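The chain contents come next:
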Amino acid sequence: MTQKVDVLLGLQWGDEGKGKIVDVLTPRYDVVARFQGGPNAGHTLEFNGEKYVLRSIPSGIFQGDKINIIGNGVVLDPALFRAEAEALAKSGHDITKRLYISKKAHLILPTHRLLDAAYEAAKGDSKVGTTGKGIGPTYTDKISRNGLRVGDILENFEEKYQKAVARHRQILDSMNFEYDLQATESEWMEGIEFLKNFRMIDSEHLINGLLKEEKSVLAEGAQGTMLDIDFGSYPFVTSSNTVCAGTCTGLGVAPNRIGEVFGIFKAYCTRVGSGPFPTELFDAVGEKICDLGHEFGSVTGRRRRCGWIDLVALKYAIMVNGVTQLIMMKSDVLDTFETIKACVAYRIDGKEVTEFPFEATDKIEPIYAELEGWKMDMTKVQSADEFPEEFNAYLSFLENELEVPITIVSVGPDREQTILLQK
Ligand code: GDP
Ligand code: IMO
Ligand code: MG
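Residues numbered from 1 in each chain as written. Chains lettered and ligands numbered in written order. Predicted model: local features only at pLDDT ≥ 70, side-chain atom pairs only at ≥ 80, totals over all residues. Heavy atoms only, no water.

### Describing the overall build of the chain
What counts is decided by this rule: Working definition: helices are DSSP H or I runs of at least four residues, strands are E runs of at least two. Numbering for both runs from the N terminus. The quantity called the radius of gyration is restricted to C-alpha atoms. Its globule counterpart is 2.2 Å times the number of residues to the power 0.38. The contact definition used throughout considers only heavy atoms, calling two residues in contact when any of these lie within 4.5 Å. In these tables, accessible area is a Shrake-Rupley quantity obtained with a 1.4 Å probe, and a residue counts as shielded only by the protein chains included in the view.
For the chain, the count of helices and strands is eleven helices and 20 strands. Against the compact-globule benchmark of 22 Å for 423 residues, the chain has a radius of gyration of 21 Å, which places it among compact chains. With the principal axes as the frame, the chain shows a C-alpha extent of 65 × 50 × 40 Å. Taking all contacts inside the chain whose residues are at least 6 apart in sequence as the whole, residues at least 24 apart take part in 77%. If you sum the accessible surface of the chain, you get close to 18,100 Å²; carbon and sulfur atoms cover 49% of it.

### Brief notes about the layout of surface pockets
Quick note on the threshold: In this analysis a 1.4 Å probe is tested at points of a 1 Å grid over the protein atoms alone, and where it fits but cannot get out there is a cavity; an open set with protein on both sides within 12 Å along at least five of seven lines is a pocket; lining residues have an atom within 4 Å of a point. Grid points are joined across faces, edges and corners, and a volume is the space filled by probe spheres set on the points.
One number sums up the size of the second largest pocket: a volume of about 290 Å³. If you trace the second largest pocket, you find 16 residues lining it, with Ser233, Tyr234, Phe358, Glu359 and Ala360 closest to the centre.

### What about the environment of asparagine 241?
Operational definition: Remark: exposure states derive from per-residue accessible area (1.4 Å probe, protein chains only) relative to the maximum for the residue type, with buried under 20%, exposed over 50%, and partly exposed in between. What qualifies as a polar contact is a pair of N or O atoms within 3.5 Å, subject to a donor-acceptor requirement within protein and to the restriction that residues adjacent in sequence count only when both atoms come from side chains.
You can see asparagine 241 is positioned in the loop between strand 10 (217-220) and helix 8 (245-251). Taking relative accessible area as the criterion, asparagine 241 reaches 29% and is therefore assigned partly exposed. For the pair asparagine 241 and tyrosine 346, spaced 105 residues apart in sequence, the C-alpha separation works out to 26 Å. In contact with asparagine 241, other than residues within four places in its own chain, are Phe35, Gln36, Asp228, Ile229, Asp230 and Gly246. Of the polar contacts made by the side chain of asparagine 241, one reaches the side chain of aspartate 228; its length is 3.1 Å.

### Regarding the nonpolar core
Note the following rule: In these notes, a set of buried Ala, Val, Leu, Ile, Met, Phe, Trp, Tyr and Cys residues joined through side-chain atoms within 4.5 Å is what counts as a nonpolar core.
Residues Leu311, Leu326, Met328, Phe387, Tyr394, Leu398 and Ile406 are the most contacted members of the largest nonpolar core, which totals 63 residues. If sequence neighbours within four positions are ignored, phenylalanine 387 has contacts with Met378, Val381, Asn392, Leu395, Val409, Ile419 and Leu421.

### As for the coordination of the magnesium ion (ligand 3)
As a reminder, the rule being used: In this description, a donor is an N, O or S atom within 2.8 Å of the metal centre, a cutoff extended to 3.2 Å for sodium, potassium and calcium. Water is not part of the atom list, which can make sites seem incomplete.
Coordination sphere of the magnesium ion (ligand 3), protein contribution only: Asp15 (OD) and Gly42 (O), at 2.0 to 2.2 Å. On the criterion of sequence distance, the pair formed by aspartate 15 in the loop between strand 1 (5-10) and helix 1 (18-25) and glycine 42 in the loop between strand 2 (31-34) and strand 3 (43-47) is long-range, its members being 27 residues apart. Judged by its relative accessible area of 23%, aspartate 15 falls in the partly exposed class. A relative accessible area of 11% means that glycine 42 is categorised as buried.

### Focus on the site of ligand 2
For clarity, the cut-off: Each residue is tested against the molecule or strand, and it is near if at least one of its non-hydrogen atoms lies within 4 Å. In this classification, the charged set is Asp, Glu, Lys and Arg, the nonpolar set is Ala, Val, Leu, Ile, Met, Phe, Trp, Tyr, Cys and Pro, and all remaining amino acids, among them Gly, are polar.
Around ligand 2, 21 residues are found, and the nearest of them are Asp15, Lys18, His43, Thr131 and Thr238. One of the backbone nitrogen or oxygen atoms of aspartate 15 is found 2.8 Å away from an oxygen atom of ligand 2. Interatomic distance of 2.6 Å between a side-chain N/O atom of threonine 131 and an oxygen atom of ligand 2. Coverage of ligand 2 by the protein amounts to 98% of the 550 Å² it exposes when considered alone. Residues belonging to the shell around ligand 2 are distributed by class as follows: eight nonpolar, ten polar and three charged.

### Overview of the site of ligand 1
The environment of ligand 1 is formed by 20 residues, the closest being Gly17, Lys18, Thr44, Asp332 and Ser410. Between aspartate 15 and ligand 1, the recorded distance is 2.9 Å, taken from a side-chain N or O atom to an oxygen atom. Within the side chain of serine 410, one N or O atom sits 2.5 Å away from an oxygen atom of ligand 1. Bound to the protein, ligand 1 loses 92% of the 580 Å² it would expose on its own. Broken down by secondary-structure element, the contributors of at least two residues to the shell around ligand 1 are helix 1 and strand 3. Its residues assigned to classes, the shell around ligand 1 comprises four nonpolar, eight polar and eight charged.

### A short note on the packing of helix 10 (residues 311-321) against helix 11 (residues 389-402)
Quick reminder of the rule: Lines fitted to C-alpha atoms define the axes, with helix axes restricted to the stretch in contact, and inter-axis angles between N-to-C directions lie between 0 and 180 degrees. Roughly parallel here means an angle under 35 degrees, roughly antiparallel means over 145, roughly perpendicular means 65 to 115, and every remaining angle is called oblique. Crossing handedness: left-handed means the near helix sits turned counterclockwise from the far one by under a right angle, and right-handed means the same turn made clockwise.
Between helix 10 and helix 11, the shortest axis-to-axis distance is 10 Å and the interhelical angle comes to 55°. In terms of orientation, helix 10 lies oblique with respect to helix 11. Crossing of helix 10 against helix 11: the hand is right-handed. Where helix 10 approaches helix 11, its residues Leu311, Leu314, Lys315 and Ile318 are matched on the opposing element by Phe397, Leu398, Glu401 and Leu402. By residue class, the composition of the contact of helix 10 with helix 11 is six nonpolar, no polar and two charged.

So this is what it looks like as structure tokens:
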């Protein structure tokens, strides 16, 4: 019988801890594949006292000889990819033989990065707060049928590249945006040469063939549902479908091939960049969460905005993704709190609302349930038997509200600080 693809994706505004859990789950799978996003992602993994941040390379590369795939839905910057792959090789992880790259993945050009900066500058105060990696302009070119793909580097690439750059230059000049392309272009071209060391394939054939051979596949999401181009807090979103359906288009697997959907969330909430965030805290509690959770972006170093968990947004994310199992991260960050709040509804113009609205504006006033804190160091806990009563009460409360079982709890950044719950 043909296997199914399990999907792991973020349910909030990104940085939920996807990288860590993909690494933990990888031993159960034969293949790990990224299906969307690009180097705007920063997935952190910690084990054996080492810390790695992956941007374009799937988080399945550290657990034995698994096949890793960068799917067609991903956008790839060859210069950043090279830096990432070379750093891994230096630390003893040569991925050349284990990584396949879809020929259909789109290339992020140096001019896409410039366009990202130019569009952000033009937006002024209403800027998205992008990661500056050229994500939006690359997906724009893909959709407007002007993009360059990984497979394009195999034939007449220089010509195709120059044509694209000329078009981008026109836009940049029309915006009076000053830039120095030379500074990054040669490094980028070296990245293109470096890519040729890898197997560039039509990865949809590989994945479907492996599924037929009953090999198991884990699809690794980037960003989070609330940053999805369709369902996120538009226009403060990324430019890809981060939701489960993105797996089908981003890897070439049919909807009926999707198996388990692991939805991952923090015990609280963070957001980096601009845009609405109903439960954001501007007080000492928010500061405390930020400090204890080391909430600084792994790609840009920006301080992440912090707040209480938002169950209105989480329920919405569970709905659009068809989540079958929940994974709660960073529980330990709340260890010292007397009480913990969870937003169960919004009040908008005096009315109580439990459906995530079209526009999450400043008018939203969160309505909170308050739970007792567990006030215990969770970082050393080895099994669910050791969970304090208040922590179990928090888990039950969430499961009851969200109507999906929590099957994994994370109590620290290390691979070992992961508790699997028997359900
Ligand atoms: P991703 O983008 O979803 O992979 O998440 P990031 O790596 O950007 O951000 C998650 C951060 O939290 C990383 O620095 C992780 O090392 C860290 N982390 C993951 N799980 C836990 C946890 O359970 N507790 C704590 N304290 N940190 C964690
Ligand atoms: P991971 O995979 C958190 C945010 C940016 C910005 C918006 C658009 O590590 O969870 P973009 O550069 O994509 O055009 O930026 O999306 N953003 C992320 N926030 N985690 C991420 O990835 C993000 N990738 C993009 O901050 O608000
Ligand atoms: Mg991240």
